Amino acid sequence: MRVFVTGASGHLGSAVVPELLSAGHQVVGLARSDAAAAAIEKLGAQVRRGDLSDLDALREEAAASDGVIHLAFRHDLLVSGDLATAAEVDLAALRALADGLAGSGKPLVGTSGTAMLALGGVVGRPGTERDVFSGGYRVDAENFVAGLASRGVRSSIVRLTPTVHSSLDRNGFLTMIIAAARRHGYAAYVGEGANRWPAVHTLDAADLYRLALEKAPAGSRLHGVADEGVPFAEIAAAIGRNLGIPVRSISPEAAGEYFGFLAPFAQLDSPASAAITRDLLGWTPTRPGLLADLDEGHYFRA
């Protein structure tokens, strides 16, 4: 298959593109800068210059491809707190990609997050692929992609965990939390730190994207979850252990100063299951879990 990948030079893309190439697919990656283009070429893929605002390029590449994987997101807007604009850009890009694929029966794999399940009210149990909401941040884009099944697109959504971890991770939530620990001189959790974060290794996530592209049923929602829920206090303990600094509980009132925009996520109890995804696609995560990956030390080398 000729696969068009947005975000091909990013954290996930740097794993998804080699996974696709090793499976015999041809890859064209979207690049908004010379550095991104060079990174994509180094992976062995072709380059299409443009960004998420270049809707004509997205539409054209989708129409010329046998399938699309949409990984790109305006994380700069997310970090700055402008979630609304980030979501608007994402949805506009998805609409353009869908226009290029409509009626073709070709696959479009989009990206969402498991954290939205807890934010949407799933409490007291792991969130599942069957949990669906009518609207909200990133939910609108997810529902749009799932609805493309009625427009002749074999669409699917991969919901990723807040922590997608590996030595490829340079700018994810985990790196930000480690940076906060370095800055403050101690690793922190809020309250008892019993709130749980699900997690998945980058390479296991890449496997899932390939499987979704190749055989996910139209309109399916998939969970990229390996660790169903790691207590945040254990994450903080691993960070403290590897940095050689104390580990402390902080109050909810102090979380904003310590974690910044991540404060709500650092307090979120958001376990999630991937049982349906594993049964549907035969996906089996095999790489190290979150705590084992932290103890490998690559996150703490300067």
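Higher on the page you've got the structure.
Residues numbered from 1 in each chain as written. Predicted model: local features only at pLDDT ≥ 70, side-chain atom pairs only at ≥ 80, totals over all residues. Heavy atoms only, no water.

Comments concerning the nonpolar core
Stage number 1. Counting 35 residues, the largest nonpolar core has V5, L20, I69, V158 and Y209 as the members making the most contacts within it.
Stage number 2. Sorting the residues of this core by element identifies strand 1 (2-6), helix 1 (13-22), strand 2 (26-31), helix 2 (34-43), strand 6 (154-160) and helix 9 (202-215) as the ones contributing at least two each.
Stage number 3. Among the elements that make up this core, the one with the highest residue count is helix 9 (seven residues).
Stage number 4. If sequence neighbours within four positions are ignored, I69 has contacts with V3, F4, V5, T6, V16, L20, V109, Y209 and L213. (Core = buried A, V, L, I, M, F, W, Y, C linked by side-chain atoms within 4.5 Å. Buried < 20%, exposed > 50% of the residue type's maximum accessible area, 1.4 Å probe, protein only. Helix = DSSP H or I, 4+ residues; strand = E, 2+ residues; numbered from the N terminus. Contact = heavy atoms within 4.5 Å.)

A closer look at the side chain of E129
Stage number 1. Assignment of secondary structure puts E129 in the loop between helix 6 (115-119) and helix 7 (139-147).
Stage number 2. No salt bridge is formed by the buried E129; its nearest oppositely charged neighbour, R159, is found at 6.6 Å.
Stage number 3. Engagement of the side chain of E129 in a polar contact is seen with the side chain of T277, the distance being 2.7 Å.
Stage number 4. Filtering out sequence-adjacent residues up to four positions away, E129 remains in contact with R159, R221, L222, H223, S273, A274, A275, I276 and T277. (Lys, Arg positive; Asp, Glu negative; His and termini not counted. Salt bridge = Lys/Arg side-chain N within 4 Å of Asp/Glu carboxyl O. Polar contact = N/O pair within 3.5 Å; in protein donor to acceptor, adjacent residues only side chain to side chain.)

A look at the pattern of salt bridges
Stage number 1. Taken as a whole and assessed by the stated rule, the structure comprises 16 salt bridges.
Stage number 2. R49 is the partner of D34 in a salt bridge, and the nearest nitrogen-oxygen pair spans 3.0 Å. With D34 in helix 2 and R49 in strand 3 (residues 46-49), this residue pair connects regions lying 15 residues apart in the sequence.
Stage number 3. With relative accessibility at 60%, the residue D34 sits in the exposed group.
Stage number 4. For the salt bridge of R48 with E60, the shortest nitrogen-to-oxygen distance reads 3.2 Å. Remark: E60 occurs in helix 3 (residues 55-64) and R48 occurs in strand 3; sequence separation between them is 12 residues.
Stage number 5. Using a relative accessible area of 22% as the deciding quantity, one classes R48 as partly exposed.

All we've got here are geometric facts, nothing functional implied.
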